[in-house]
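Letter by letter, the chains look like this.
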Amino acid sequence: MAPAATTTPLSLLTATKASLEALKAASPNTPIIDTTEKMQAYLTENDIKLLLFDCDGVIYRSTTPTSPRLTSTLAALQSDPALKLAFVTNSSGKSREQCHEKMKDVTGIDTFTSQQFFPAGYSAAKYLKNNHPSIKKAYVIGGVGLVDSLEAEGISCVGGPIVDGKGGAYGAAGDYQYWVDDKGIEQLQCDEGVQAVVIGMAKDFNYRMLTEATMYLTHKSSSFDGSKTLFLSTNLDPFDVIGGENRRQPAAGCMVKAVEFATDRESITVGKPSKALWDVIRSELEMEELPPSKVLMIGDRRDTDIRFGNVCGMRTGVVLSGCTTSDDILEMEKQTIDRADVIIPHVGIMK
């Protein structure tokens, strides 16, 4: 095992510790699991067989591990014959293979396989293949990983990321214009083969993409009916947290909501908290018969990770190393659907 490439910054450790201390002072009703012994007891008592981890805010923040003990903890959990591990992220910008490579870069662990990673782009591709096998072409707003995942399942893509100033999937369409005027809108042509619009995180999101997605979802002509175009989103996350100062980065939900507003249509979400994602995970891990109560979903977002676990019948643990603060935890206790079973300060205490 190679050493991890990065270390956990003091600012993140301090913030996590401060949240934990504030919670303990407030005496929340939700149990706090803050030692390895408590964690092992919880896993044993509940007969947990599968651990599902979110990535951003749980395993790492950008490329920074959330705990100095992250590598040793994950390595020990991975080698435990009584457990299976999988990583479930609403990030659609990376393929399974790219998620696997990032995990290896951050942790130094080389025993994971790409089959243990379930990014939202992969879920979108599997959803189309399993539920709409006749769809063979999609208009895409999102990154390279989303395009790769769709094309790996036999779905060709138009749109996609802007690469080296070129538009189209991987720049095939020539020089890209980021805007389109009224005349240009009238001149836009539908690719009549497009049967779905798929939207994920796109840092290059712009007005032209918004206009094209709107066209594919609403335009009607003698040869094209946008009302029949399937509308998928990888997730509705409003933001991610970046760096030790907890700066917000607008996420995929912002792009999805813009298109929903322009088209007066609601997307089908196939990432967390959708049950469609759980169907993909348990099928590919060959754990269809496993009761969800023997699964522990660990995440940092109540509206995606914790809700995903709850709607699927899993046990849930919320960490303090990502989006959720001590104030959020106290607010969580007033809720039902977004309430976690336990509080885990960070993944590093799990083994």
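Above this text is the structure in question.
In this numbering scheme, every chain counts its residues from 1 along its sequence in written order. Local features in this predicted model are restricted to residues whose pLDDT is 70 or higher, and side-chain atom pairs enter the listing and the counts only when it is 80 or higher, whereas totals over whole chains, interfaces and linings include all residues. Derived side-chain values reflect all non-hydrogen atoms in the structure, with water molecules and hydrogen atoms excluded from consideration.

Engineer: Before we move on, can you summarise unusual backbone geometry with the specific residues and values?
Structural biologist: In this model, Lys272 is joined to Pro273 through a cis peptide bond whose omega is 10°. The secondary structure listing takes helices from DSSP runs of H or I that are at least 4 residues long and strands from runs of E that are at least 2 residues long, numbered from the N terminus. Tracing the sequence through the fold places Pro273 in the loop between β12 (268-269) and α10 (275-284). Positive phi, normally seen in glycine, also occurs at Asp264, with a value near 55°. Its place among the elements puts Asp264 in the loop between α9 (252-263) and β12. For each residue, the accessible area found with a 1.4 Å probe, counting protein chains only, is set against the maximum for its type, and the residue is called buried under 20%, exposed over 50%, and partly exposed in between. For Asp264, a relative accessible area of 73% gives the class exposed. At Glu286, a residue that is not glycine, the phi angle is positive and equals roughly 55°. By the element assignment, Glu286 lies in the loop between α10 and β13 (295-299).

Engineer: Tell me what's going on with the environment of Ser91, and back it up with residues and numbers.
Structural biologist: Locating Ser91 in the fold gives a position in the loop between β4 (84-89) and α4 (96-107). A C-alpha to C-alpha distance of 23 Å links Ser91 and Asp328, two positions 237 residues apart in sequence. Only heavy atoms enter the contact rule, under which two residues are in contact if any of them lie within 4.5 Å. Leave out the neighbours within four places in its chain, and Ser91 touches Asp56, Pro119, Ala120 and Gly121.

Engineer: Would you mind going over the side chain of Thr316 in detail, with residue names and values included?
Structural biologist: Looking at the secondary structure, you find Thr316 in strand β14 (residues 315-319). A residue is classified by how much of its surface remains accessible, and Thr316, at 0% relative accessible area, is buried.

Engineer: Go over the packing of aromatic side chains, please, and point to the residues and values.
Structural biologist: Ring geometry is summarised as follows: Phe, Tyr and Trp rings, the Trp one being its six-membered ring, pair when their centres sit within 6.5 Å, and such pairs are stacked at plane angles under 30 degrees, edge-to-face over 60 and tilted between the two. Enumeration according to the criterion identifies seven aromatic pairs in this entry. Arranged with centres 6.3 Å apart and planes meeting at 65°, the rings of Phe118 and Tyr122 form a pair that is edge-to-face. Within the aromatic cluster, the residues linked to one another by ring pairs are Phe53, Phe87, Phe112 and Phe117. A ring is scored as having a charge over it whenever the NZ atom of a lysine or the CZ atom of an arginine sits within 6 Å of its centre and within 35 degrees of its normal. Just above the ring of Phe118 sits the side chain of Arg96; from NZ or CZ to the centre is 4.8 Å.

Engineer: Describe the sheet that holds β14, and please don't skip the residues or the numbers.
Structural biologist: In spatial order, the strands read β5-β4-β1-β13-β14-β15; together these six strands make up an open sheet with parallel pairing. If you trace the sheet from one side to the other, it starts and ends with β5 (117-119) and β15 (342-344), each paired once. Taking the axes of each pair of neighbouring strands and ignoring which way they run, one obtains an average angle of 25° across the sheet. Here four bridges tie β13 to β14, and the two strands are oriented parallel to one another. What sits directly across from Leu296, in β14, is Arg315. At least two DSSP bridges between two strands are needed for those strands to be called paired. Note on method: axes are straight lines fitted to C-alpha atoms, helices fitted across the in-contact stretch only, with angles between N-to-C directions ranging 0 to 180 degrees.

Engineer: How would you summarise the pairing of strand β10 (residues 239-242) if you had to cite specific residues and measurements?
Structural biologist: Side chains of β10 alternate between two faces, with Phe239 and Val241 buried and Asp240 and Ile242 left unburied. Inspection of the sheet shows β10 paired to strand β11 (residues 247-250) by four bridges, in the antiparallel sense. If you follow Val241 over to β11, its bridge partner there is Arg248.

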